[in-house]
Amino acid sequence: MPYYRVSGEIPRKRHTRFQRPGGGLYAEELMGEEGFSSDSSLLYHVNPPTAIVKSEAMADLAGETRLAANHPLLPRHYRTQDLTGTGDLVFGRQPLMGNDDIRMSFVTVNAPSGLYRNSTGDEAVYVHAGSLRFESVYGAIDAVAGDYVIVPRGTVHRWLPGPAAPAGLHATALVIEANGHIRTPKRYLSQTGQFLEHAPYCERDLRPAAGPLFAEGEDVPVTVRHRAGLTTLTYARHPFDVVGWDGCLYPYAFNIADFEPIVKRTHAPPPVHQTFEGPNFVICSFCPRPLDFDPQSVPIPYNHHNVDSDEMMFYVGGDYSARQGSGVEIGSITLHPSGFTHGPIPGAVEAVIRGMEAGRTTTDETAVMIDTFRPLLLSDLAAAAEDPEYAWSWGRASRG
Ligand SMILES: [Fe+2]
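The structure reproduced in this document is the subject of the present report. (Residues numbered from 1 in each chain as written. Predicted model: local features only at pLDDT ≥ 70, side-chain atom pairs only at ≥ 80, totals over all residues. Heavy atoms only, no water.)

### Digging into the overall build of the protein chain
So, step 1. Secondary structure assignment for the protein chain yields three helices and 27 strands.
So, step 2. Against the 2.2 N^0.38 benchmark of 21 Å for 400 residues, the protein chain shows a C-alpha radius of gyration of 22 Å, consistent with a compact globule.
So, step 3. For the protein chain, the spread of C-alpha atoms along the three principal axes comes to 80 × 45 × 40 Å.
So, step 4. Within the protein chain, residue pairs in contact and separated by at least 24 positions form 75% of the contacts whose partners lie at least 6 positions apart. (Helix = DSSP H or I, 4+ residues; strand = E, 2+ residues; numbered from the N terminus. Rg over C-alpha atoms; globule rule 2.2 N^0.38 Å. Contact = heavy atoms within 4.5 Å.)

Here is the structure:
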């Protein structure tokens, strides 16, 4: 995150005496990546951010979720609509798939979370439906459907559900936990970190956490995910006591509707949709856009086999009638693993060409794709929401 921001009140020089009203000094906290060699922010707390009074081990149910290899090899289709679990955004996560680089979970939020700090990596929370409020030491973000909220490793934060929809639903979200940092693709940035003109989004599209945000409290528990598991650290004072911060490291939101799609005359491959990159994975946003416009174009994906990748796709909006016969609809997640060639259902190309001849010029599908460069392992929870017929949908269609 290379974009320098200032929030709240800070002194003119770093590491100088910053007086609190009524006496005493504000306490500095430098949050920095890669030792002191990458992005950082400097926060000013009313109370020392070091003052803990208790440390207790916690059971780690989600962390212990058993993930099994995709064996025998199959393309998969999971229906998140069939996942019945609810909870808060942190402990209500229902892990679906993952590996040593990434874990992906689905959550139906119906309660506020406690304070949480993930010290194993960055998180990207994609809000599928409803709304959520993210609160952190950096300030708050009001997140709505379509937002990716990027939470840097080590950020003390909590998630509050937004107002309930008529059916009682507060929010659903896909949670991506990385074993490292989630960043803007390097090719979108200048040498010094400014978004370039060819990038599909830019600084103006990012909504940083805005503060200050204060909360009162003594003996405040913060659950920390660390390499050995979960620990609850009890802080002497509430960590939300930051009067100001500056730097290039902070949580922010980016809405998928602000992604500017890049279109070619003939079909463009998924790298044009890339939105973020993480260690051994990429996140892409497929957004409504004009269909490829060559009169002879085939405007849907060609069969392809990314031999080094497993491809997960979360279908979040639009009309999926073009995928008739596959069972895919809004809320579906597909997994097309390395070792399997995937593409349109037989008959889909002809159908979209007929649509173009009848005047169709756009596609309105929205999807979030995550390609991993190591195989994805699958959870029992995912198996419970699996459509067992999906793997055969291409074969069935080709036999008519
Ligand atoms: Fe693909």
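### What to know about the coordination of the iron ion
Around a metal, the ideal angle is 109.5 degrees if four donors adopt a tetrahedral arrangement and 90 or 180 degrees if six donors adopt an octahedral arrangement.
So, step 1. Here the iron ion is held by the protein donor atoms His304 (NE2), Glu311 (OE), Glu311 (OE) and His342 (NE2), which lie 2.0 to 2.7 Å from it.
So, step 2. Within one chain, the residues serving as donors to the iron ion are arranged as H-x6-E-x30-H. With a gap of 38 residues between them, His304 in the loop between strand E22 (289-290) and strand E23 (310-317) and His342 in the loop between strand E24 (332-336) and helix H1 (348-357) connect regions that are remote in the sequence.
So, step 3. Owing to a relative accessible area of 7%, His342 belongs among the buried residues under this scheme. (Donors = N, O, S within 2.8 Å, 3.2 Å for Na, K, Ca; no water. Buried < 20%, exposed > 50% of the residue type's maximum accessible area, 1.4 Å probe, protein only.)

### Brief notes about the side chain of Thr223
So, step 1. Following the sequence through the fold, Thr223 ends up in strand E16 (residues 218-226).
So, step 2. Owing to a relative accessible area of 11%, Thr223 belongs among the buried residues under this scheme.
So, step 3. In contact with Thr223, not counting residues within four places along its chain, are Met58, Phe91, Leu115, Tyr116, Arg117, Leu230, Thr231 and Thr232.

### Section: the pairing of E23
So, step 1. For E23, a buried count of eight out of eight residues is recorded, marking the element as mostly surrounded by other parts of the structure.
So, step 2. Relative to strand E26 (residues 366-372), E23 runs antiparallel, the two being bridged by seven bridges. In the strand pairing of E26, Gly317 is matched with Thr366.
So, step 3. Sheet topology places E23 next to E24; four bridges connect them, and they run antiparallel. When the bridges of E24 are listed, Met312 appears paired with Leu335. (Pairing = 2+ DSSP bridges.)

### Quick notes on the sheet that holds E24
So, step 1. Ordered in space as E6-E24-E23-E26-E21-E20, the six strands form an open sheet in which the pairing is antiparallel. If you trace the sheet from one side to the other, it starts and ends with strand E6 (76-79) and strand E20 (274-278), each paired once. When the angles between neighbouring strand axes are averaged without regard to direction, this sheet yields 15°. (Axes fitted to C-alpha atoms, helices over the stretch in contact; angles between N-to-C directions.)

### Points about unusual backbone geometry
Note: most residues except glycine have negative phi, and most peptide bonds are trans.
So, step 1. That bond from His71 to Pro72 is cis: its omega, 0°, falls within 30 degrees of zero.
So, step 2. Looking at the secondary structure, you find Pro72 in the loop between strand E5 (67-68) and E6.
So, step 3. For the bond from Gly211 to Pro212, the omega torsion is 0°, close enough to zero to count as cis.
So, step 4. Its identity is not glycine, yet His15 carries a phi of approximately 55°, on the positive side.

### Re the sheet that holds strand E3 (residues 40-45)
So, step 1. A sheet is described by the order of its strands in space; here four strands give the open sequence E1-E18-E3-E2, paired in antiparallel fashion. Only two strands of the sheet have a single neighbouring strand rather than two, namely strand E1 (5-8) and strand E2 (27-32). The mean inter-strand angle of the sheet, taken between neighbouring strand axes irrespective of direction, is 15°.
So, step 2. When E2 meets E3, the two strands line up antiparallel, connected through six bridges. Note that in E3 the partner of Glu29 across the bridge is Leu43.

### A short note on the pattern of salt bridges
So, step 1. Overall, the coordinates contain 19 salt bridges when judged by the stated rule.
So, step 2. Measuring nitrogen to oxygen at the nearest pair gives 2.9 Å for the salt bridge that ties Arg93 to Glu123. Taken together, the residues span a long stretch of sequence, with Arg93 in the loop between E6 and strand E7 (94-98) and Glu123 in strand E10 (residues 123-136) at a distance of 30 residues. Grouping residues by exposure puts Arg93 and Glu123 together as buried.
So, step 3. Ionic pairing is found between Asp147 and Arg207, a salt bridge with its closest N-O pair at 2.7 Å. A residue pair is termed long-range when its members are at least 10 positions apart, and Asp147 in strand E12 (residues 147-151) and Arg207 in strand E15 (residues 206-208) qualify at 60 residues. (Salt bridge = Lys/Arg side-chain N within 4 Å of Asp/Glu carboxyl O.)

### Notes on the pairing of E24
So, step 1. Among the five residues in E24, five count as buried, and that is most of the element.
So, step 2. Burial along E24 is two-sided: Ser332, Thr334 and His336 facing one way and Ile333 and Leu335 facing the other are all buried.
So, step 3. Judged from the four bridges that link them, E6 and E24 form a sheet pairing that is antiparallel. In the strand pairing of E24, His77 is matched with Thr334.

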